Each structure stands twice: as structure tokens, then as C-alpha cells.
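Below, each chain spelled out in residue letters.
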Amino acid sequence: MAANAEIPLDLYPTESDLPYEEEILRDPFKLKGWWRYLVARASAPFKKRSILYERALKALPGSYKLWHAYLRERLDAVRPFPITHPSYASLNNTFERALVTMHRMPRIWIMYLSSLTDQRLLTRARRTFDRALRALPVTQHDRIWPLYLKLVSLPGVPVETSFRVYRRYLAFDPSHVEDFIDFLLQSKRWQEAADRLASVLNDDAFYSIKGKTKHQLWLELCDLLTKHATEILGLKVDPIIRGGIHKFTDEVGRLWTSLADYYVRRGLYEKARDIFEEGISTVITVRDFSVIFDAYAQFEQSALAAKLEAAEDDSDDEMDGGEGGKDGMEKLAKKFLEGCWLNDDDDTDLRLARFERLFDRRPELLNSVLLRQNPHNVEQWHRRVKLFEGDPARQASTYVEAVKTVDPAKAVGKPHTLWVAFAKMYEEHNRLDSAEEIFKKATQVNYKTVDHLSSVWCEWAEMELRHKNFTEAIELMRQATAEPSVEVKRRAAAEGNEPVQMKLHKSLRLWSFYVDLEESLGTLESTRAVYERILDLRIATPQIILNYAFLLEENKYFEDAFKVYERGVKIFKYPHVRDIWVTYLSKFVKRYGKSKLDRARELFEQAIEQTPSQEVKPLFLQYAKLEEDFGLAKRAMNVYDRAVKTVADNEKLSMYEIYIARAAEIYGVPKTRQIYEQAIESGLPPNDVKAMCLKYAELERNLGEIDRARAIFVFSSNYADPRSDPDFWKKWKDFEIQHGNEDTFREMLRISRSVSASYSQTHFILPEYLMQKDQKLTVEEAVDTLKRAGVPEDQMGALERQLAADPSSNSLINKDSSARAVSFVRGGVVEPEPDTIKRAVANAEEIDLPESDSDEENIEIAQKSVPAAVFGELAKKAAEEKEGEDDGAGTKLGALERIKRQRQQ
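Residues numbered from 1 in each chain as written. Predicted model: local features only at pLDDT ≥ 70, side-chain atom pairs only at ≥ 80, totals over all residues. Heavy atoms only, no water.

So the rule is basically this: UniProt positions are given in the numbering used here, feature names are shortened, and annotations may be inferred rather than shown by experiment.
As recorded in an unreviewed UniProt entry, the protein chain goes by Pre-mRNA-splicing factor SYF1 and comes from Rhynchospora pubera. The UniProt entry for the protein chain carries this comment under Subcellular location (unreviewed entry): "Nucleus". Quoted verbatim from the Sequence similarities (unreviewed entry) heading of the UniProt record, the comment on the protein chain is "Belongs to the crooked-neck family."

1. What to know about the overall build of the protein chain
Where we set the bar: Per the convention used, a helix needs a DSSP run of H or I reaching at least four residues, while a strand needs a run of E reaching at least two, with both numbered from the N terminus. Using a 1.4 Å probe on the protein chains alone, a residue whose accessible area is under 20% of its type maximum counts as buried, one over 50% counts as exposed, and one in between counts as partly exposed. In what follows, residue pairs with any heavy atoms lying within 4.5 Å of each other are defined as contacts. Per-residue and other accessible areas follow the Shrake-Rupley method at a 1.4 Å probe size, with only the shown protein chains counted as cover for residues.
Secondary structure summary: the protein chain contains 48 helices and 0 strands in total. Out of the 905 residues belonging to the protein chain, those deemed buried represent 43%. At a minimum sequence separation of 6, the contacts of the protein chain that also span at least 24 residues come to 57%. If you sum the accessible surface of the protein chain, you get close to 50500 Å²; carbon and sulfur atoms cover 52% of it.

2. Overview of the packing of helix α3 (residues 31–40) against helix α5 (residues 64–78)
Let me state the cut-off plainly: Where helices are involved, their axes are fitted lines through C-alpha atoms of the stretch in contact, as for all axes, and angles between N-to-C directions lie from 0 to 180°. Here is the rule for angles: anything less than 35 degrees is roughly parallel, anything more than 145 is roughly antiparallel, 65 through 115 is roughly perpendicular, and the remaining ranges are oblique. Rotating anticlockwise by less than a right angle from the far helix to the near helix defines a left-handed crossing, while the corresponding clockwise rotation defines a right-handed one.
Relative orientation of the contacting elements α3 and α5 amounts to 20 degrees, with a least axis distance of 11 Å. Between α3 and α5, the crossing angle belongs to the class labelled roughly parallel. Regarding α3 and α5, the two cross each other, and that crossing is left-handed. Contacts between α3 and α5 involve Leu31, Trp35 and Leu38 from the first element and Lys65, Leu66 and Ala69 from the second.

3. Let's talk about a negative patch on the surface
How we decide: Patches here are clusters of residues that have more than 30% relative accessible area and form no salt bridge, with a 9 Å joining cutoff for like charges and a 5 Å cutoff for nonpolar side chains (Val, Leu, Ile, Met, Phe, Trp, Tyr). Every case where a carboxyl oxygen of Asp or Glu lies within 4 Å of a side-chain nitrogen of Lys or Arg is listed as a salt bridge. The charge count treats Lys and Arg as positive and Asp and Glu as negative. His and the chain ends do not count. Working definition for charges: the position is that of NZ of Lys, CZ of Arg, CG of Asp or CD of Glu.
Residues Asp433, Glu436, Glu437 and Glu472 make up a contiguous surface patch of negative charge. Considering every element that reaches the negative patch, the biggest residue donor is helix α24 (residues 432–442), with 3 residues. Tracing the backbone shows glutamate 436 in helix α24.

4. Focus on helix α9 (residues 145–152)
Just so we agree on the cut-off: By construction, the arc corresponds to the directions joining the helix axis to the C-beta atoms.
Those residues of α9 that sit buried are Trp145, Tyr148, Leu149, Leu151 and Val152. Projected down its long axis, α9 shows its buried positions confined to an angular sector of 155 degrees, all on one face. Lining the buried residues of α9 we find α7 (106–118), α8 (122–135), α10 (159–172) and α11 (177–186).

5. Quick look at the packing of aromatic side chains
To keep it simple, the criterion reads: Think of it this way: a Phe, Tyr or Trp ring, Trp meaning its six-membered ring, pairs with another when their centres are within 6.5 Å, and the plane angle makes it stacked under 30 degrees, edge-to-face over 60, tilted otherwise.
On inspection of all chains with the given rule, the structure shows 41 aromatic pairs. On the basis of an interplanar angle of 20 degrees and a centroid distance of 5.3 Å, the ring pair of tryptophan 145 and tyrosine 148 is categorised as stacked. Remark: tyrosine 148 and tryptophan 145 occur in helix α9; sequence separation between them is 3 residues, near one turn of the helix. Note on accessibility: tryptophan 145 and tyrosine 148 belong to one class, buried. Aromatic side chains phenylalanine 439 and tryptophan 460 sit 6.0 Å apart centroid to centroid with 10 degrees between the ring planes, which places their arrangement in the stacked category.

6. Regarding the side chain of glutamate 300
Topologically, glutamate 300 is positioned in helix α17 (residues 286–324). Overall, the relative accessible area of 2% leaves glutamate 300 in the buried class. Residue contacts for glutamate 300: discarding those within four places in its chain leaves Arg273, Arg354, Phe355 and Leu358.

7. Overview of the nonpolar core
If you look at soluble globular proteins, the nonpolar side chains tend to sit buried side by side. To keep things clear, this is the line we draw: Only buried residues count toward a nonpolar core, which is a set of Ala, Val, Leu, Ile, Met, Phe, Trp, Tyr and Cys residues joined through side-chain atoms within 4.5 Å.
Formed by 124 residues in total, the largest nonpolar core has its most connected members in Tyr447, Trp457, Met477, Ile580, Tyr656, Met692 and Trp732. When neighbours within four sequence positions are excluded, tryptophan 457 is seen to be in contact with Thr443, Leu476, Met477, Gln479, Ala480, Leu504 and Leu510. Among the nonpolar cores identified, the runner-up in size contains 96 residues, and Tyr148, Val200, Ile240 and Ala260 belong to it.

8. A look at unusual backbone geometry
Within the chain, arginine 538 stands out as a residue other than glycine whose phi angle is a positive 60 degrees. Take arginine 538: it is sitting in the loop between α29 (524–537) and α30 (542–554). Of note in this structure, lysine 556 is not a glycine but carries a positive phi near 70 degrees. As for its position among the elements, lysine 556 is in the loop between α30 and α31 (558–571).

9. Some remarks on helix α12 (residues 190–202)
Residues three or four positions apart in an α-helix share a direction because the helix packs 3.6 residues into each turn. Put simply, the test is: Helices are assigned an expected span. That span is 1.5 Å times one less than the residue count.
Along its 13 residues, α12 runs 18 Å from first to last C-alpha, staying within 8% of the 18 Å computed at 1.5 Å per residue. For α12, the complete set of buried residues consists of Trp190, Glu192, Ala193, Ala194, Leu197, Ala198, Val200 and Leu201. Among the structural elements, α10, α11 and α13 (214–227) are those in contact with the buried residues of α12.

10. Some points on the pattern of salt bridges
Counting across every chain of the model gives 46 salt bridges. Across the pair arginine 466 and glutamate 427 runs a salt bridge, and its minimum N-O distance is 3.0 Å. Of the two residues, arginine 466 is situated in helix α25 (residues 450–466) and glutamate 427 in helix α23 (residues 416–428); the sequence distance between them amounts to 39 residues. Residue class for arginine 466 comes out partly exposed when judged on its relative accessible area of 43%.

11. Looking at the confidence of the model for the protein chain
Operational definition: A score between 0 and 100, pLDDT records how confident the predictor is in each residue.
Looking at the protein chain as a whole, the pLDDT averages 76, with 79% of positions reaching at least 70. Contacts from residues 762–777, a stretch scored under 50 in pLDDT, to residues over four places away or in other chains number 36 contacts. Contacts from residues 884–896, a stretch scored under 50 in pLDDT, to residues over four places away or in other chains number 18 contacts.

12. Some points on the environment of phenylalanine 81
Note on placement: phenylalanine 81 falls in the loop between α5 and α6 (86–102). With residues near it in sequence (within four places) discarded, phenylalanine 81 still touches Ser87 and Tyr88.

13. Structural notes on the packing of α23 against α25
In the contact formed by α23 and α25, the axes pass within 9 Å of each other and the chain directions differ by 15 degrees. With respect to each other, α23 and α25 are oriented roughly parallel. Between α23 and α25 the crossing geometry is right-handed. Contacts from His416, Val420, Lys424 and Glu427 of α23 reach α25 at His452, Ser455, Val456, Glu459, Met463 and Arg466.

14. Brief notes about the environment of glutamine 380
Mapped onto the fold, glutamine 380 is located in helix α21 (residues 378–387). Judged by relative accessible area, glutamine 380 falls into the buried class, the value being 9%. Here the alpha-carbon distance between glutamine 380 and alanine 402, two residues 22 residues apart in the chain, equals 9.8 Å.

Printed below as a string of C-alpha cells:
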């Protein structure tokens, strides 16, 4: 009874628990009854539930479900308490009791191990981890090891213990060696970290689970070796880093600086300096060079600063020693060794000189890097020579190295410029014999192109000219232009690779230089021989032809010069022959003038025949000038007439203007009327026709022919839309204001409306015109014609319905219909009707006008007869058009109708 009194009453079963108690009493080994009991008491205090769990586990000690739920609730219950609370000890005992039967369940182990880790029970946790690894199968160890590694990574865990655990883990899973290496680096175990990294890099089958490449691992190893050079032993750092330099070319600069840093940290400064020099002299990219040079400069600067600081400290120590005194032996040693260079530790000047020398050498070192990228870059070699300006010996050695290194077939640039610059350097120092020797060697090089070799010969000859050796210069050119012998050609063909020396005798540049020398220093016969040789080799240019002819003209060999021109026009085609023809014709005309007029005409005819229409205009003008000066005016007019028919369309207007101006000057102004008519009928573009008509009208106005001028305005109005070309209509308006009357002005306005309608309503009037053209069209033919004319579908449908309603109509369009009551005034020139002629005889100035100009009435304008001489063929066409009209029709066609027929004809 006393024992029962110690248990609180709330922990005893209540009446509501009786059904569950009876169930478990009936079958205490059934999990379902216990579980329903626990679920029903889910809101009960933890102590009461723990009693239920203990009773259930006593009956079912092998139930994983009960143990897992019980342990989770116990973990949740102790979580608010500190890890030193006694509840944790009870929790651990519960876990131990659970593991008696649950030692094969990894989840129970994980919960227990996590709890021990949180409690920081390191020794107990380590031993428990070992028990778990022994109890569980190997296939489930991967669930335990992450927790184990987390435990040994906690602060306070002995490093040796952690190392042993990691080694055991690598025996289980070697792929996580990177985690071990990271742990070693965090633990500052540099030696073992380096060994592990080296072993990883030597393993070809290694695959990084962190996605690192061999390149990244190699750089990590190099950084580790260089930053901890004194703490890592057993690894050959120099071969390792050099192997990385040869293998990973994109990090060469960084690896060289790492190797130098390794020797600096070990105190081997001279060795580090040698490494820097070696790196600078071997890298092939500017980026790597910049990395190494900056590190090298920083190293020298640090060494100099350290030496200066040490010198200041020594001076302070000497001052302190002078005050306190020194031993006798030290004073004696200082006395004997003072002034000896072996005892001089002050190398500040040497270090400063090294530092300055490094920066002085930077342009040269950078140029060396660029030349290592491409040793056949000619421009870089020239820049290298400029770096040694003031040092002829270095320049000469650089030139020698350049001409030995550069392969002309692979050269970037012009390799012959190296030889030329080399020779000029000796020339500047008055070493002509050495310069000639260099030129001689340069002419034996197999360059890529003949132009390079010819440039060498020309430079050699120019050097001889600068030193007044004229004979030697001409001899050099004669030697260079000499054609190789047949035996030499046969030998070169047999070898298969023909050198450029075999083609040198056809170099135009060489021959041009040679002929200039002959003209300046040689005789006329020698110069002519050179020109003839150029023509025989068929390498002449139009300029050479002109130069040859000028030479002959200067020496009064005019016929020979003309023969040269003849050869030139036979050799070359257009457009190269254009300058030759122009010069030839001008020279010939100037020389002979009227004496050989027939020959000059033949030359002009030949030139015009060969010249295309786009460029023939100057020749026609020159030909016409010849006829005007020395021939007949009629021939000159014929030339102009041929010109306006031959030249390109875009030049016809200007050619007609010249033709008209010359005709007016020679024959007088009336002669130009025929030319104006020809121009208007020649098929000029509409804008040019309009411009020509305006000039024609202005001419007639100046001559007092007002009616003719007005008729021209009427004709040209067909080409001027009032909306887009107001200038034309303004000129006509001004003309009518000055010379016309009210009737003519109203006629102009009516024509303006007619032309405007023709431009704006063509697609409406065109069907009517087509229908009037043929009165016997069927409905289907009319519809098809409307479609081709571009009339909209709705208008075609209306017309088709109209035709279907009146099929017996003889005409598709009723001319008397009120819908078409307005007829437009003709914009062109036609023959007047008989009654109009009678009225014109009665009163020449009278024009019959309708009583009203309303759009609802038919309006007919009587027109005056224009003299046929004004338009020439245009009047004939108008007469033919008049005869072609229907004789039975009593009414006159509309203006727009006649304009369209006139355009079609």
C-alpha cells in the first residue's frame, strides 16, 4: 500500500481506459490493441504514455513500431532540457535497451548516434559508432558514416582520432578522398594533404565527386607546395610544377610564379631569380608574361626594400655599440677586414641596378614573347631593331637572327624589307661593301612573290645612285632584267619548284625603274631598246605606252610616236585604252590639223566604234570639233546627229543641248526647230521631253511665234501632272498672262483639268476607251478586258448587269448618256475640223467657247491650226490619227481618248 501511495493517481487507468485495458488483458501480445490504446491517449501526459509504452514493450520487446514511436517521444520530451539534465541519461538507457532487440535497425542507431553527438559525449559516441558499424551490414554503412564524420569534425575532438576515422572511412569509400584532403587542410596537416593530392593526381582512374578537374587539383597542389615549402618534404616540387607547366598551357604564368615563390619561401633567392628569368624567356602569351613580370618586379622591389631596412638596422646597431663598446677581438677583426670587398655585405646598389635593369628590359622581353608566338612576323623584327637604336652591334645581330629565322613562304609581312633595312644600316655607317654583300645575298632568297625580289634589286640600284655610281646602277638593272638561259629554265623545271628568280625578267616594277634610269642617264637608242623589250614581253601598261610616245615626241619622232599609239590601241581593250585614244587623237589633230583630215576621220571612226556608249560622248565632241575647225559644217552636224543617237540615255539631253547650241551658232536659230522636233520624237524620258519642250517653247516665244509656243505647251502638258509638277503649269500660266487672252487662259485651265483627270482617274476611264475601240465586244470579253485593266469587282458587276439588261445594244457605252455628259479637251495637237477652219479664216484670233463650262454639258473647243514645221512628224501622226477615226461618227472623241490612242501608236 505504501508503494502504491507514491504513484500519482492520474497515472492510474480511468474508467474510460477500461475497454482498452480489457482488450490488452484478453490478448496482451497483439500490437493492434496496444496501438489503439496509445492513439486514444495521444493527449495524455508523457509520463502516463511512457508507462503504456513500457507495458507494451514488456509484452512486445521486438516491435520496431513501438520502439521507434517511444524513442521519438522521449527525444521530443528531453529536447527543451540542457544536455546535462538527468533525462538524457534515462534516454540513453532507453536507447541501450532498445538496441538489445533493435540492433539491426539503422534508424534506431541513427537516432541514438545523433542524440549522443548533440550531447557531446565524444568517447561514448565514438564507441557507439563503432558498435553500429559492427552491428549493421556493410550495405547500410553509408547511412552511418556521414554522422561519424560530423562527430570527428567537431571542435575538441583530438586530431589523431579524426585522422584515424577518416582513414577508416576512405577504406570504406575511397571516392571521398577530397573531403579528407579538405579536412587535412583545415587541420593544417600540409604534408599528408600534399601526399594525398599527389596520389590522387597519379591515379588515372580517379573521378572527382565534387566536379573538380585534374587541372584544378593540380593548381591546388602547386599552391600547397609553394605556400608551405618548408613544411612539406618528400615531394619533388620542381619536377611537379614543371610537369604542370608543360601539361596545362593556359596557366603557365601562374605556375612559373608558384615555382619561384617556392624557392623564395625556402630562402633560395638566386634560384628564384633564375626561375623568373626562365619563365619570362619561355612564355608565349602576353598575359602569362605580364603575370610573371609583375611577380618578378614585386620580388626585386621586396628584396631591395628588405636590404634598405636591414642597412638602417645595422647603422642603428653600430651607433648603440659605439656607446657601449665592443670586445677586443671584434675590434681587431673589423680593423683587419675593413675595406675588403669580400666583407662588404652592402649590395644595395646591385639590387637597385637589377630592379632598374628589369624595367629597362621590359620592351625587349615583350617583343621576344610576340616573336615566340610567330617568329615569321616581319613587323615585330623591325620593332625589335628599333629597341636597340644607338647600339649598332645589337641591331646587326638582330638583323642576322631575323633573316635566318624568317621563312619567306611563312612570313607575315614583307620579308625583303629586313634585308633592305639591314643593308641600309651598313650604308648609314659608310660600309658600302658590306651593304652590297647583303643585297647580293638578298637577291638569292626565294621570296613568295616576284615583287619582293624586284624591290630588292631596285633598292640596291637606288643605293648606287645615292652614291653617284650611275654605271653600276644601270648594270644592276641590266643584270636583273636579263632573261634566264634555257639550261637554267630546264633545270628549274626539273626540280619542280620554280623560284621567283625565273620570273624576275617579267617584273613590271623592275622594267619601269630600268626605263627611268635609261631616260635619265642613258641615250635615246638605249631607252627605245628598253621600251621595245617591254612591249615584246607583253608587260606594258597604258602609262608605259604614253610615256614611250611622249619620249619620241620630245625627240621629234612624231610618226614613231603615232606608231606606238597604234600598237597601244591594238594591245589594250576598253576601258584601259581610253586614255591612249584621247591622247592619240588630240596629239594627231594638233600635229597635222587639216593636212591629214581623212586619216584623222578614220582614227575617230575607229575609236568611236570601239568605245561603249557610256563613254563615247567626249570622242564625239572631239570629232565634231575637228570637223568644225578643219572640215565642213555639214559633217560636224552629222557627227552631232550620230552622237545623240549613240550616247547613253542619261546623256542624250545634254548632247541635244550641245547639238542645238552648235546648230544655232552655225546655221541660225530656225535650224534648231528640226533638232527640237527630233529630240522630242527620239524617245527621251518624260522629264527630258518636258524640259526640251519648255526650251522649244521659249525659243518660239523669243521669235514671236506665240501660237507655236502655245501649241508646244499644249503638247508637253501630257507629261506634267498639275499636282506633282506645278512649275510647268506656272510657266504656262505666266506665258498666257503675258501673251494670251481670256479664252486661251480658260483653255489652259481646261487642259489642266483634263490632264489631272487622266492621271487620277485612268482606271475609271480606261474601260470606256477599250469599249469605244471595239463596239462589238461581248459581255464576257468586256468583263475580261475590265479585269486586265484593273477595274474593281463591284464596278465590273454593275457593268455586267447593265449589259445583261440591254443585250441588243450595238454599243457598250451610250455616248449620249447623262452619266458621261462631259468630254475632256484634247491635250495634244490635232488637225482642225472644217467648220473651225472657216471660222479661223474669218477671224484668226476668235475661239468659239460653249455658253457654259458646267460639268453637265458637252464642251467643245475650237483649236487653231499649228504649222506643221513646229512638230514635224508629230503633225503627220495627228493626221493619220484623224483619218483612222470612224467616218460615221458625228461627234468628236474626248481629249483623254485621243491622248491614249496617240500614246499607243
